Structures are given as C-alpha cells and as structure tokens.
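As a plain string of letters, each chain reads:
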Amino acid sequence: MPMSPYMRALRAKVGPDILLQPGVTAVIVNATGQVLLQRRSDNGEWGLPGGIMEPGEEPAETLVREIREETALEVVPERIVGVYSGPEFIVRYPNGDEAAILSVTFFCRPVAGEARVNDDESLEIRYFAPDALPAMPPRHRMRIEDALRNDPRARFH
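Residues numbered from 1 in each chain as written. Predicted model: local features only at pLDDT ≥ 70, side-chain atom pairs only at ≥ 80, totals over all residues. Heavy atoms only, no water.

## Remarks on the packing of aromatic side chains
Counting across every chain of the model gives 2 aromatic pairs. Judged by centre distance (5.0 Å) and plane angle (85°), the ring pair of W46 and F128 falls under edge-to-face. Placement of W46 in strand β3 (residues 46–47) and of F128 in strand β8 (residues 122–128) is noted, with a sequence separation of 82 residues between them. Here W46 and F128 have matching classes, each one buried. A cation over an aromatic ring shows up here: R143 above the ring of Y84, its NZ or CZ 6.0 Å from the ring centre. (Phe/Tyr/Trp six-rings, centres within 6.5 Å; stacked < 30°, edge-to-face > 60°. Helix = DSSP H or I, 4+ residues; strand = E, 2+ residues; numbered from the N terminus. Buried < 20%, exposed > 50% of the residue type's maximum accessible area, 1.4 Å probe, protein only. Lys NZ or Arg CZ within 6 Å of the ring centre and 35° of its normal.)

This is the structure in structure tokens:
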C-alpha cells in the first residue's frame, strides 16, 4: 500500500513502533441496502474502506478523498456513526509497522461513479447484503451493525 509523504517522513523518524493514527472509515450503503466492502491487498481481508487523515484535513474531507481514491465512488457523508479506538484497533501491517487507529466512522450514500478497484490498496470492491457479509475482523462488523441501526446518536467505543 502506498504511504503518504507525511507518514513516510514520520516512519523514518519513529520506525515501526506503534503510532496513534487518526483515520476515517465509511459504511457506504446503496439504494438497495447493500454495504460496500473492500478486500485489502495487504492482508486479503474484507473490511470497510477508509484511510488516515493528513495534516490540515477535516475528517469528512479525508473520507471523500479516500473513498474516491479507493473505489471511484463519490459519496456524501450523512452522519457520524461513531468514534472507535481500543485494543481491537491496534494493527500490525505486513511490513511490521504498528498503529493504534482512532476511527471516525461515517454512514455514507453513494451519489456518483461505479464502485470498482481504483488503486493498489484493494483486490476487490463489492456490495454485500447485510445478512450475507463475508468473514472480516470484528471491528468492521461492529461498525456496520452500528451504522445499520440508524441511531442518530454517535457511538463512542
């Protein structure tokens, strides 16, 4: 997966040690109620698309950029599902880098484009019915379930 110049410079100083990384995640639901997932190229797992914020970006701006880059979709973030962090959001990448992710997760509606693999971060981009989701890490399934509850209150986990 390509690393931003900002993250590359930070990693050059810190190495693979754990970094707190603020990020965003999208639960994209189409008109038929299906949820968009990506199968990641770095580990082959299914999960929600999203990414790490760059200095100076607002969360919703990061989300729209990341989704366009990864899926070729234009989305409208409609509400914040929740803010998530904790032990299950600590990840180790195949190159050995570790990150503690703080994820602002948004419920989104696609408004333009056709979902497809649009960069080298994904092996597959596909919509799934909520009752037919593939195996994925629990942190992704939890956010999908929270988003589909349609509770206007954000969850803090």
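## Details of the sheet that holds β3
Taken together, the 3 strands give an open sheet; going across it, the order is β3-β2-β8, and neighbouring strands pair in antiparallel fashion. Each edge of the open sheet is held by one strand with a lone partner, namely β3 and β8. (Pairing = 2+ DSSP bridges.)

## Some words on the pattern of salt bridges
Under the definition given, this model contains 13 salt bridges. Between E124 and R126 there is a salt bridge; the shortest N-O distance is 3.7 Å. With a shortest N-O distance of 2.8 Å, D151 and R153 are connected by a salt bridge. Accessibility expressed as a relative area gives 63% for R153, which makes it exposed. (Salt bridge = Lys/Arg side-chain N within 4 Å of Asp/Glu carboxyl O.)

## Considering the nonpolar core
Formed by 19 residues in total, the largest nonpolar core has its most connected members in V27, V35, L37, L48, L133, M136 and I144. Going through the elements one at a time, β2 (35–40), β5 (74–84), β7 (98–112) and α3 (138–148) are the ones with two or more residues in this core. Those residues in contact with I144, other than ones at most four positions away along the chain, are V27, V35, L37, L48, L133 and M136. L36, V64, V75 and F106 belong to the second largest nonpolar core, which has 14 residues in total. (Core = buried A, V, L, I, M, F, W, Y, C linked by side-chain atoms within 4.5 Å. Contact = heavy atoms within 4.5 Å.)

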